[in-house]
Amino acid sequence: MALTPLRAIAKHCFECGGRSYKERENCEHIECPLYPYRFGHRPKVQAKYTPIKAIQRFCMECVGEVGYKANYKERELCPNKKCYLYPFRLGKNPNFKKHRVVKESVIA
Ligand code: SF4
Ligand code: SF4
């Protein structure tokens, strides 16, 4: 099963909380872009960012200052392919691309 942005966030937050569900639940970093999605589902109250945009934002923070131009490249070149957020770091969902390619090959 393909990793979705929400699942990736839940897994990342689980790791961030020292692989503890309790720590993830009790996370106090409400300013973290991933915070509203840390359980792997959408909150009842609409969050500031969509899950994919939250990841994009989080990755910018991970590589350095948000909005600092050079860091866009840093984020793109992130070497940590094992990070759950890696496939979504550029704000695009590669799962959709795969579906489109499959659909197109079926049509051809
Ligand atoms: S919301 Fe942010 S600080 Fe909190 S567990 Fe997730 S990644 Fe860590
Ligand atoms: S994918 Fe790279 S930039 Fe994004 S959180 Fe993971 S390690 Fe940081």
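Predicted model only: the values in this text are computed from it and were never measured.

**Observations concerning the overall build of the chain**
Here's step 1: Across its full length, the chain carries 5 helices and 0 strands.
Here's step 2: When the helices and strands of the chain are read in sequence order from the N terminus, they spell out α-α-α-α-α.
Here's step 3: For the chain, long-range pairs separated by at least 24 residues make up 54% of all intrachain contacts whose partners lie at least 6 apart in sequence.

**A look at unusual backbone geometry**
Here's step 1: A positive phi is found at Arg19, a non-glycine position, where the angle reads about 60 degrees.
Here's step 2: Tracing the sequence through the fold places Arg19 in the loop between helix 1 (5-16) and helix 2 (21-25).
Here's step 3: Accessibility expressed as a C-beta count within 10 Å gives 9 for Arg19, which makes it exposed.

**Focus on the site of ligand 1**
Here's step 1: Neighbouring ligand 1 are the residues His12, Cys13, Cys16, Gly17, Arg24, Cys27, His29, Cys32, Leu34, Tyr35 and Arg38.
Here's step 2: Counting residues per element, the shell around ligand 1 draws most heavily on helix 1, which supplies 3 residues.
Here's step 3: When its residues are assigned to classes, the shell around ligand 1 shows 6 nonpolar, 3 polar and 2 charged.

**Points about the site of ligand 2**
Here's step 1: Every residue near ligand 2 is listed here: Phe58, Cys59, Cys62, Val63, Arg75, Cys78, Asn80, Cys83, Leu85, Tyr86 and Arg89.
Here's step 2: Among the elements that make up the shell around ligand 2, the one with the highest residue count is helix 3 (residues 51-63) (4 residues).

**Here we look at helix 1**
Residues spaced three or four apart along an α-helix point in a common direction, a consequence of the helix completing one turn every 3.6 residues.
Here's step 1: In this model, helix 1 (12 residues) spans 16 Å end to end at C-alpha, consistent with the 16 Å of a helix rising 1.5 Å per residue.
Here's step 2: The set of residues buried in helix 1 consists of Pro5, Ala8, Ile9, His12 and Cys13. Around the axis of helix 1, the buried residues are gathered within 130 degrees of arc, so they sit on the same side.
Here's step 3: Along its buried surface, helix 1 packs onto helix 2 and helix 3.
Here's step 4: Following helix 1 by one or two positions, Gly18 adopts a phi angle in the positive range, close to 70 degrees.

**Overview of the confidence of the model for the chain**
Here's step 1: Scored by pLDDT, the chain has a mean of 89; 87% of the residues are at 70 or more.
Here's step 2: Considering each helix and strand of the chain separately, the mean pLDDT is smallest for helix 5 (residues 94-107), with a value of 64, and largest for helix 1, with 98.

**A word on the environment of Gln46**
Here's step 1: By secondary structure assignment, the location of Gln46 is in the loop between helix 2 and helix 3.
Here's step 2: Residue classification places Gln46 among the exposed positions, given that 9 C-beta atoms sit within 10 Å.
Here's step 3: Along the chain, Gln46 and Pro36 lie 10 residues apart, while their C-alpha atoms are 8.8 Å from each other.

**Thoughts on the environment of Tyr84**
Here's step 1: You can see Tyr84 is positioned in the loop between helix 4 (70-76) and helix 5.
Here's step 2: Among the residues examined, Tyr84 registers 19 C-beta atoms within 10 Å and is labelled partly exposed.
Here's step 3: Residues Tyr84 and Thr4 lie 80 residues apart in sequence; the distance between their C-alpha atoms is 9.7 Å.
Here's step 4: Ignoring any residue separated from it by four or fewer positions in sequence, one finds Tyr84 in contact with Leu3, Ala8, Lys11 and His12.

Rules of the game
Residues numbered from 1 in each chain as written. Chains lettered and ligands numbered in written order. Predicted model: local features only at pLDDT ≥ 70, side-chain atom pairs only at ≥ 80, totals over all residues. Helix = DSSP H or I, 4+ residues; strand = E, 2+ residues; numbered from the N terminus. Contact = placed C-beta atoms within 7 Å. Buried ≥ 20, exposed ≤ 12 C-beta atoms within 10 Å, placed from the backbone. Near = placed C-beta within 6 Å. Nonpolar A, V, L, I, M, F, W, Y, C, P; charged D, E, K, R; others polar. Expected span 1.5 Å × (residues − 1). Arc of directions from axis to C-beta. pLDDT = per-residue confidence, 0-100.

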